[in-house]
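Breakdown of the fold
For reference, the chains in residue letters:
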Amino acid sequence: MGKGSFIMETMPWKVVIFNAMPEAMLLIYLGLTLIGIKPDKKRVFIAGVFQGVICYYVRKNFDFGIHILLQYLSFVILVWLFTKAPLIASFIASIIGIIIAILLESFIGISIPYLTGITILEIMSRDWIRIFICLPYLGTLILIAYLIDKYEFTLEQEIKILKKIK
């Protein structure tokens, strides 16, 4: 299928800056923290900025579907390169971050249009609405990060159990 087969999304730069970059930073931080790695926040910030830029170009130049795989691969590589976490830890942290994103975006992404009456098409076509609609999602990620830090919650024990099952 060619480039015209699916809709390619052009992500405006303000959405990259206010949504994609903070989301990447929070997901990197959450994924690593949940596996017991306390990442350097400057490194997480840099990786998040790069991931936001990569998302812009991937969504602009690749068909729907393949962009998900490319964004995930870039996510893993950036976590590994910038946070200096081992590659397998970067892979697991990225999966955890993506799962958190999918669960929250699914719930919030369905709830907000239902509660506000604004269609997904309208949200995607109006930059500032798109940014503001994302705030509850980002706020929830921030709250989760805060609670994980405050209560020092990790999934280290669960991950060790998985190693023993092999």
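Residues numbered from 1 in each chain as written. Predicted model: local features only at pLDDT ≥ 70, side-chain atom pairs only at ≥ 80, totals over all residues. Heavy atoms only, no water.

Attention now moves to the UniProt feature "transmembrane region" (unreviewed entry) in the chain. Here the UniProt feature "transmembrane region" (unreviewed entry) sits at residues 15–37, 64–82, 88–116 and 128–148. Taken end to end, residues 15–37 is 87% helix and 0% strand, and its two terminal C-alpha atoms sit 29 Å from one another. Secondary structure content for residues 128–148 is 100% helix and 0% strand, while the C-alpha to C-alpha distance between its ends is 30 Å. (UniProt positions renumbered as here; feature names shortened; annotations may be inferred. Helix = DSSP H or I, 4+ residues; strand = E, 2+ residues; numbered from the N terminus.)

Here a disulfide denotes a covalent bond joining the sulfur atom of one cysteine to the sulfur atom of another. What the rule picks out here adds up to zero disulfides. Sulfur of Cys 55: no disulfide; nearest cysteine sulfur belongs to Cys 134 and is 12 Å away. Looking at Cys 55, the relative accessible area reads 8%, which means it is buried. (Disulfide = S-S within 2.5 Å. Buried < 20%, exposed > 50% of the residue type's maximum accessible area, 1.4 Å probe, protein only.)

Our focus in this paragraph is the environment of Pro 12. Of note, Pro 12 is situated in the segment before helix H1 (13–34). Look at Pro 12 and you get buried, because its relative accessible area is 19%. In this structure the C-alpha to C-alpha distance between Pro 12 and Ser 125, which are 113 residues apart in sequence, comes to 9.9 Å. When neighbours within four sequence positions are excluded, Pro 12 is seen to be in contact with Asp 127 and Arg 130. (Contact = heavy atoms within 4.5 Å.)

Where nonpolar side chains cluster on the molecular surface, the patch consists of Phe 62, Ile 66, Leu 69, Leu 73, Ile 77, Trp 80, Leu 81 and Leu 87 and spans about 710 Å² of accessible area. Counting residues per element, the nonpolar patch draws most heavily on helix H3 (residues 66–83), at six residues. Position of Leu 69 relative to the elements: it lies in helix H3. (Patch = residues over 30% accessible without salt bridge, like charges linked within 9 Å, V, L, I, M, F, W, Y side chains within 5 Å. Areas by Shrake-Rupley, 256 points an atom, 1.4 Å probe, with all protein chains shown as cover. Salt bridge = Lys/Arg side-chain N within 4 Å of Asp/Glu carboxyl O.)

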